[in-house]
Every structure is written in C-alpha cells, then in structure tokens.
Amino acid sequence: DYGVVVNYRDGSKELHKLGAISTNIKQVKSGMMDMFVKSIQTGNQPLIDGMEGYKSLEVILAALESAASGKVVKVLAK
C-alpha cells in the first residue's frame with residue numbers, strides 16, 4: 001500500500017503513498033526538466049541543485065537495493 005516507508009532511529013515511522021511513476025511506456029511530467037530549462041534561460045540557480053539530486057539518487061538506489069534484497073537499506077544523512 002505504501003511505496004515509501006521511513007523508519008527513524010527513535011522507532012517512529014512515516015508511510016508515504018506514491019503517485020504515478022514514469023516508465024519507458026508511460027511518461028509522467030514531474031516539472032524537473034521545466035525547472036532546469038528555466039534556470040538556464042533566466043540564469044538563476046535551480047531550486048534543486050546537483051548535490052540535492054545526488055542525495056535523491058542515493059535514496060532511489062537504496063530503495064532499489066532494498067526491493068531486490070528484501071532487506072532494510074540504510075541511507076545516511078550527509
């Protein structure tokens with residue numbers, strides 16, 4: 001039922017339902033590309049920089065590893 005489960009060290013838990021996910025067959029607009037293009041056009045910094053993107057990638061890779069192994073995979077805050 002929940003695509004993301006966040007377990008905190010204090011024992012609390014957050015459950016998140018996810019919306020549609022893009023696939024090779026069906027694309028779902030996230031707005032990220034629009035934001036990126038706008039930052040180039042205007043010369044402004046994007047709201048989400050490369051480091052934030054990298055952190056998101058770490059979470060995604062941990063989720064994939066967890067799904068494949070069936071085990072909890074820790075993501076360390078940096």
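Quick caveat: nothing in here was measured; it's all calculated off a predicted structure.

Quick look at the overall build of the protein chain
If you tally the helices and strands in the protein chain, you get two helices and two strands. When the helices and strands of the protein chain are placed in sequence order, the string is β-β-α-α. Its C-alpha atoms give the protein chain a radius of gyration of 16 Å, more than 25% over the compact-globule value 12 Å for 78 residues. Oriented by its inertia axes, the alpha-carbon framework of the protein chain measures out at about 45 × 35 × 20 Å. Residues classed as buried in the protein chain amount to 3% of the 78 residues present. Counted over contacts in the protein chain with a minimum sequence separation of 6, partners at least 24 positions apart contribute 3%. Of the roughly 7,200 Å² of accessible surface on the protein chain, 58% is carried by carbon and sulfur atoms.

A few points about the confidence of the model for the protein chain
For the protein chain, the mean per-residue pLDDT works out to 87, and 97% of the residues sit at or above 70. No element of the protein chain has a lower mean pLDDT than strand β1 (residues 4–7), at 86, and none a higher one than strand β2 (residues 13–16), at 93.

Overview of the pattern of salt bridges
Oppositely charged side chains can pair when the atoms bearing their charge come close. In this structure the tally under the stated criterion is two salt bridges. With a closest N to O distance of 2.9 Å, lysine 29 and aspartate 34 form a salt bridge. Across the salt bridge formed by lysine 55 and glutamate 52, the nearest N and O atoms sit 3.4 Å from each other. Residue lysine 55 and its partner glutamate 52 are both found in helix α2 (residues 50–69); the two are separated by three residues, about one turn of the helix. When its relative accessible area of 29% is taken as the criterion, lysine 55 is described as partly exposed.

Side note on the environment of leucine 76
Mapped onto the elements of the fold, leucine 76 is located in the segment after α2. Using a relative accessible area of 58% as the deciding quantity, one classes leucine 76 as exposed. Placed 35 residues apart in sequence, leucine 76 and glutamine 41 show a C-alpha to C-alpha distance of 35 Å.

The rules behind these values
Residues numbered from 1 in each chain as written. Predicted model: local features only at pLDDT ≥ 70, side-chain atom pairs only at ≥ 80, totals over all residues. Heavy atoms only, no water. Helix = DSSP H or I, 4+ residues; strand = E, 2+ residues; numbered from the N terminus. Rg over C-alpha atoms; globule rule 2.2 N^0.38 Å. Buried < 20%, exposed > 50% of the residue type's maximum accessible area, 1.4 Å probe, protein only. Contact = heavy atoms within 4.5 Å. Areas by Shrake-Rupley, 256 points an atom, 1.4 Å probe, with all protein chains shown as cover. pLDDT = per-residue confidence, 0-100. Salt bridge = Lys/Arg side-chain N within 4 Å of Asp/Glu carboxyl O.

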